[in-house]
Amino acid sequence: MIRINAYKRQELRPWSSCLIFLTAVMLSLGVSALMLKLQGKPALEGIALLFKGALGSRWSIEDCLIKAIPIFLCSLGVAIAFRLQIWNIGAEGQFALGAIGATWAALTFPGQPWYVLLPLMAIMAFVGGGLWGLIPALLKLRMRANEIIVTLMLNYIAILFLDYLVYGRWKDPSSFGFPMTLTFSENAIVPKIATTELNWGLAVCLVCGVAMWVFFRFTRMGFELKVAGENLHATRYAGLPYEKLVCFVMIVSGGLAGLAGFLEASATINRLQPSIMVGYGYTAIVVAWLARLNPLTIGIASFLLAALRVGVENLQLELQVPAAFGGIMEGLILLTVLAGTFFNEFGIHLRRRS
Amino acid sequence: MSRRFTVILCCLALALSAAPTMAKDFQVGFVYVSPIGDAGWSYAHDQGRLFIDQMDGVSTAFVEAVPEGPDSERVMLNMARKNYDLIFATSFGYMDPMLKVAKKFPKTIFMHCSGFKTAPNMGNYFGRMYQARYLSGMVAGAMTKSNILGYVAAFPIPEVIRGINAFTLGAQAVNPDAQVRVVWTKTWYDPATEKEAAKSLLDVGADVIAQHQDSPGPQEAAQEKGVYSIGYNSDMSAFAPKAHLCAPIWNWGPFYKEVVDAVRSGTFEPKAYWYGMEHGIVDLSPMSSMVPAEVQKKVLEEKEAIKSGKVVVFTGPVKDQDGKVRIPAGKAADDGALLGMDYFVQGVIGTTQ
Amino acid sequence: MNTALIVPLLAAAIQSGTPILYATLGEILTEKSGVLNLGVEGMMITGALAAFVTAQLTGQPALAFLVAGLTGAAVGGIHAVVCLWFLGNQVVSGLALTIFGLGLADYLGTPLIGQTAPGFDKLTLPLLHRIPGLGPVLFQQDVLVYMAILMVPLLWVFLEKSRWGLHLRAVGEHPEAAAAAGIGVLRYRWIGILGGGALVGFGGAYLSLAYTHLWTNGLSAGRGWIAVALVIFAFWRPGRALLGAYLFGGVMAFQLRLQAVGTHLPSSLLLMLPYLLTVAVLVFSSWKNRHTAAPASLGVNMEPND
C-alpha cells in the first residue's frame, strides 16, 4: 500500500507560486475543455477561440484592458481587506454605491466644467462606496457580526437600491419609461485616450496601484496592516490599532470599488442603468486571492480574468457556448490555486508500507 | 501534462493561422438578452431566426444572455467586424450600444427591437402585442367568476404597462366588473418568484392568472390551484394543460424574412416598424377547449375586426386609475402616447413603480 | 392585509422556507465539525440541477431527490479535498465553490431552460387538513416539506445524543484534544462536509422538484447565503433553524402578497426585506451572543503531522 506523507518545507521556494498558478490555469483549461466536450462542442478549437477572442487582435486587447479597469480597482480594494483577514465580499454593492454617488454628482451639476465635475464624481463615488464598506466594518467591530454575510446582503440591497433610483426619481423622462438615467453631459464622461477605445480610467488605475504600493512599502499604517494580518491575536497585545485599521481598510476597499463604479458609469455606459452590474465584484475576489497584495500581479491577474470574459464572448458567438462558461473557469482556477498553494509550504513523500 | 500543453499550443497555432474560407452567405446575427430556452421572449425571436435560417444563401448566428450595456456593444462590434450583413438586437437596452456600432459600420444594417432610435443604417421594430393582449383579456373577462384577474408582471416599463392596460380593456369589454391586480417580480425569468407571485394573486381571489414573464411558473401555480391561466410569448399549454386558456404570442419569422429580403434587394428603409396582427407578427394562440364556443367566436370576430382596422384597441374614452381621462372619447391614441404609456387604466389595482 | 390572507401566507412561508431549512441544517452539520463551507449556494444549485435532470431522465422524483443529495455531497467533497487535504483557506475555498457551482449549473443547465420535470405535488393528509387555520398550513404540503421537518429532530439526536455526534462536535471544538483521544479529526470533518453537502443538495432538489417544476439559471437566488446567515441566527441548533427558515420564507412570500393586496410601496424596496432582515437578525444574534455558540475551531485547518 502506498502511503502519502506530507512534510513541511524548510525553505520556501519563491518561484513556486508562479509555477502553481500556471499549473492551476492549465488544469482549469483542461477541465474546461472537458466541459466543452460534454456539451458536444469541439474542445481544443474552443480553447483556441478563447485565446483568439481575447488576444487575437488590437481591438480585443483594448477590450480586455477596458474590462480590466473595474476589475483591477475592485481587486485592489478586496486585496487590502483580505490582507487584514476581513472577508469583504461586498465589492459588488460598493461598486453600485459608487456608481450611484457619481451619478448623483453628474445629474445634479451637469453644467460644471469637466475639471470640476469629474473629480466631484470621483469623490462622491469614493464616498458612496466607502460608506457601504464602513457599515459592515462597524457592525463587525461593535456587534461582532460576521462581515461575510453582511457584505453579501448589502450587495443585494445595493442593487435593489440602484433599481429603485433608476426606476423612480432618476428615470430619464425621454427613455420611454425604461429604467435608465439621462445620458451624462459631455463634462461628466471620462474621455477616451487618443484614438483608442481605452479611457483615462487606466490612469486612475495606475495612480491607485502606485499609491497602494507606496502605502504598503513606506508608510507606518501599511506596515501595521501587514503585521496585523499575519497574526490577529498578537495585534491587540502589540498595541496596534485594530479597530482603526478595520475601518480604514473597509473604507478604502469600498471606495476603490466605488471608483470602479464611477468609471463604468461615466466612461463605458455614460449613464446609470441596472445592467451596469455584471459581477466584477465577485471576479475581484478571485483576483485578490490569486494576486495577494502586489499591485503588479493584481494588474496582471485582472487583465487575465478580463481576457477570460472577452474570450468567452467570442466563444459564445462562434460556438454558442453559454456565458456561464467563464464562471466555471474562474471558480476552477481559484480552487486549483487554493489546492496548489499547499505545495508552497509542504512537499509530499510517497512511502511504501508493507 | 507537457504533452497536453504542446498539443494545445499546436492547435492554437493552427487555429490562428487558418484563414476562414467561407462562401459569401448572407450573414445575419442575433443578440438575445436571455437564454433561448426560456420558452419566452428570446425563444420566440430564435424561432424567427430558425425560420430565416432555412432561406437560401442565408446563414445565421446568435449570442444569448448578453447583458445590456458595454458587453452588448462588444458583441455587436464582433459581429460587424466579422462582416455580418444584418444584425438584430432584441432588447431595449441594446439601443445606444447598437447606435454606436452602427455609426462605425455604415455598410452593415442594424435592426433594434423595442427601441426608438434610428440611423441611416439602423431601424427599429416591434409588434403590437397589445392587440393580442386585448383579445386575451376578453377571454379572461369571460371566464372569470370572481371578477379578479391576476397579472404577474416583470418590470414597470411601457410595453408591460401597455399590455396590462390592453388586457384590462379587453376584459372590461366583456365584463365591466372585472378588475386586474398586478404584482411586480422585477425579473424576466425566475420560475420560483413568478410562481410565488401568482400564488399571492391567487390568495387574494384571482381566478385567472396572466403574465408578462418568460417562464411558465405562473401557469403552474394556476393549474395547482385549479383555476385558469393565460400564457405569453408562446403557447404555454404544455406546462399547464388544465389551466391554460390561450396566450398572446410572437411570430417573428415572416417579419425577419421581410427584412432580409429588403436588405438583399436594396429596398431597406431605416425607419420604425411597428406591425400588428394584420402582419401576423403577433397573434393569439389557439384557445383551449375550456373556452366556450360563443366566447371563442366573439374573440375571433374581434380579432378580424382589429386586423382589418375596424377596431383600434386604445380608443377613448380611457381613464386612468385616478379617474382622469387620458384618451378622449372617440379618439385613438397615437403611437407616441402608446410607446410612452406610464399609467394604469381604471380597473387595475397596483402601482407603476 | 386581512386575516383571510394569513393562512395562505403561512403555508407559503413553509414552502418558501423549506429549501432554506435543508441548507441550514446541512451547514450546521458541517460547521459543527469545525469546517466553514461557504459554498452552500453552489452545492444547492448543482443539487437542483442534478435532481431536475434525473427526474427528467427517469421520471422518478424520489430517485432525483437522492441524486441531488449525492451531488451536493460530491461538490462539498471538492471543498473537503481542498481544505482537509490541501489546507486551503476555508473561506476562499467556499467562495470559489460557489462561483464554480453556479457557473457549472448555469452552463450545463442552459439547454434545459423552459423544460419541465416530474416532481412532487402536494399531499393532503386526510382529516388533519380540515383543521381550521393549521390545516392548510401544516397538512397540505408535499412530502419533502415533512421530510425537512423530520430532519430537525433527527439532526438534533445525532448531534447531541449519539456517540458519532459527540465525536463530531469534539472535532469541531478541540481538534487537537480529539486527535489525542484517538478520534479521527479528518474523518469526522469529511462526514460533516459530505453529510452537510447532501442536505444542502436536498434543499436544491426541493427548488426544482417541488417549489417549481422548472429549471432556471440562478434558481437558488441567494438562498444558500441566507442559510449561512441562519446558522448563526440558530446558534448552531437545529430547532432554531426551523424557526429561522420559515421566518425567512415568510418574508420572501410576504412582499409579493403585499403587492397583490395593493400597495403604493415601490417593489424594489419591498424586495429588500429578506436581505435587510438577514442583516438585522445576524447583527442581533451576534451581539446577543457574547459567549459564542460557534464551534471553537470553526474555520481553522489542522496541519498534518506524520
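These notes cover the structure that comes with them. (Residues numbered from 1 in each chain as written. Chains lettered and ligands numbered in written order. Predicted model: local features only at pLDDT ≥ 70, side-chain atom pairs only at ≥ 80, totals over all residues. Heavy atoms only, no water.)

### Observations regarding the overall build of chain C
A tally of helices and strands in chain C yields 13 helices and zero strands. Mapped in sequence order, the helices and strands of chain C form the string α-α-α-α-α-α-α-α-α-α-α-α-α. For chain C, the C-alpha atoms occupy an extent of roughly 65 × 45 × 40 Å along the three principal directions. Counting every position in chain C, which comprises 306 residues, the buried fraction comes to 61%. Within chain C, counting contacts between residues at least 6 apart in sequence, those at least 24 apart form 78% of the total. (Helix = DSSP H or I, 4+ residues; strand = E, 2+ residues; numbered from the N terminus. Buried < 20%, exposed > 50% of the residue type's maximum accessible area, 1.4 Å probe, protein only. Contact = heavy atoms within 4.5 Å.)

### Here we look at the sheet that holds strand β8 (residues 208-212) of chain B
Residue and element names in this part refer to chain B. Strand order in the open sheet formed by six strands is β10-β9-β8-β6-β7-β16, and the pairing between neighbours is parallel. Since the sheet does not close on itself, it has two edges, and those belong to β10 (244-246) and β16 (348-349), each with one partner. Bridge count for strand β6 (residues 148-153) against strand β7 (residues 179-184) is six bridges, and the pairing is parallel. Within β7, the position partnered with Y151 by the bridge is V182. Seen against the sheet, helix α5 (residues 129-143) touches β6, β8, β9 (228-230) and β10 and runs at an angle of roughly 130° to β10. Contacts from helix α7 (residues 191-203) reach β6, β7 and β8, with the element oriented near 160° to β6. (Pairing = 2+ DSSP bridges. Axes fitted to C-alpha atoms, helices over the stretch in contact; angles between N-to-C directions.)

### Observations regarding the sheet that holds strand β3 (residues 86-89) of chain B
Strands pair in a sheet through their backbones, by hydrogen bonds, and they do so in one of two ways: parallel or antiparallel. All names here are of chain B. One open sheet holds the six strands; their spatial order is β2-β1-β3-β4-β5-β12, and the pairing between them is parallel. Whereas interior strands pair on both sides, the edge strands pair on one side only; in this sheet they are β2 (58-63) and β12 (272-275). Looking at each pair of strands side by side, their axes are set apart by 20° on average, direction ignored. With four bridges connecting them, strand β1 (residues 26-31) and β3 associate as parallel partners. By the bridge assignment, F30 is partnered in β3 with F88.

### Details of helix α12 (residues 295-319) of chain A
Residues and elements named next belong to chain A. The end-to-end C-alpha distance of α12, which contains 25 residues, comes to 35 Å, matching closely the 36 Å that a straight helix rising 1.5 Å per residue would cover. Of all 25 residues that make up α12, 18 are buried, and the element is covered over most of its length. One or two residues past the end of α12 sits Q320, with phi positive at roughly 60°. (Expected span 1.5 Å × (residues − 1).)

### Quick word on helix α2 (residues 40-58) of chain C
Residues and elements named next belong to chain C. Between its first and last C-alpha, α2 extends 26 Å over 19 residues, near the 27 Å set by a 1.5 Å rise per residue. Counting buried positions along α2 gives 15 out of 19 residues, so the element sits mostly inside the fold. One or two residues past the end of α2 sits G59, with phi positive at roughly 70°.

### A few points about the pattern of salt bridges
Pairing between side chains of opposite charge can happen when their charged atoms approach one another. All names here are of chain A. Using the criterion set out here, one finds 20 salt bridges over all chains in the structure. The salt bridge partner of R58 is E62, with a shortest N-O separation of 3.2 Å. Linking R58 with E62, this pair stays in helix α3 (residues 58-83), spanning four residues, or about one helical turn. For R58, a relative accessible area of 57% puts it in the exposed group. (Salt bridge = Lys/Arg side-chain N within 4 Å of Asp/Glu carboxyl O.)

### With respect to the interface of chain C and chain B
A common way to report how large an interface is uses the accessible area buried once the components associate. Contacts between the two partners involve 33 residues from chain C, matched on the other side by 32 residues from chain B. Together chain C and chain B conceal approximately 2600 Å² of surface at their shared face, both sides included; 57% is due to carbon and sulfur atoms. For the pair chain C and chain B, the interface holds two salt bridges. The closest approach of N and O atoms between D203 of chain B and R257 of chain C, which form a salt bridge, is 2.9 Å. At the junction of chain C with chain B, the criterion picks out eight residue pairs in polar contact (both at pLDDT 80 or more). For the side of chain C that touches chain B, the secondary-structure elements that each account for two or more residues are α1 (6-32), α9 (185-211), α11 (238-261) and α12 (267-271) of chain C. Residue composition of the side of chain C that touches chain B, by class: 15 nonpolar, 15 polar and three charged. (Buried area = accessible area lost by both parts, 1.4 Å probe. Polar contact = N/O pair within 3.5 Å; in protein donor to acceptor, adjacent residues only side chain to side chain. Nonpolar A, V, L, I, M, F, W, Y, C, P; charged D, E, K, R; others polar.)

### Quick notes on the interface of chain C and chain A
If you look at the interface, chain C gives 49 residues, while chain A gives 46 residues. Both faces considered, chain C and chain A share a buried interface measuring about 4100 Å² in area, 81% of it formed by carbon and sulfur atoms. Among the residues chain C hides against chain A, the three largest losses belong to F86, I99 and Y107 of chain C. Together they make up 17% of the total. At the boundary of chain C and chain A, one finds one residue pair in polar contact (both at pLDDT 80 or more). When residues of the side of chain C that touches chain A are traced back to their parent elements, those giving at least two are α3 (61-85), α4 (90-109), α10 (223-233), α12 and α13 (273-288) of chain C. With 13 residues, the single largest contributor to the side of chain C that touches chain A is α4 of chain C. Considered class by class, the residues forming the side of chain C that touches chain A number 34 nonpolar, 11 polar and four charged.

### Quick word on the side chain of Q213 of chain B
All names here are of chain B. By the element assignment, Q213 lies in the loop between β8 and α8 (217-225). Looking at Q213, the relative accessible area reads 0%, which means it is buried. If near-sequence neighbours (up to four positions away) are discounted, Q213 is found in contact with V152, A153, A154, T185, T187, W188, E194, Y232, N233 and M236.

### As for empty space enclosed by the protein
All names here are of chain B. All chains considered together, the criterion is met by seven cavities of 30 Å³ or more. Roughly 80 Å³ of internal volume is contained in the second largest cavity. Together, F126, G127, M129, Y130, R133, E159, R162, G163, H212, Y232 and W250 line the second largest cavity. Here the lining of the second largest cavity is composed, by residue class, of five nonpolar, three polar and three charged. (1 Å grid on protein atoms, 1.4 Å probe; cavity = no way out; pocket = protein on both sides within 12 Å on 5 of 7 lines; lining within 4 Å. Points joined across faces, edges and corners; volume = space filled by probe spheres on them.)

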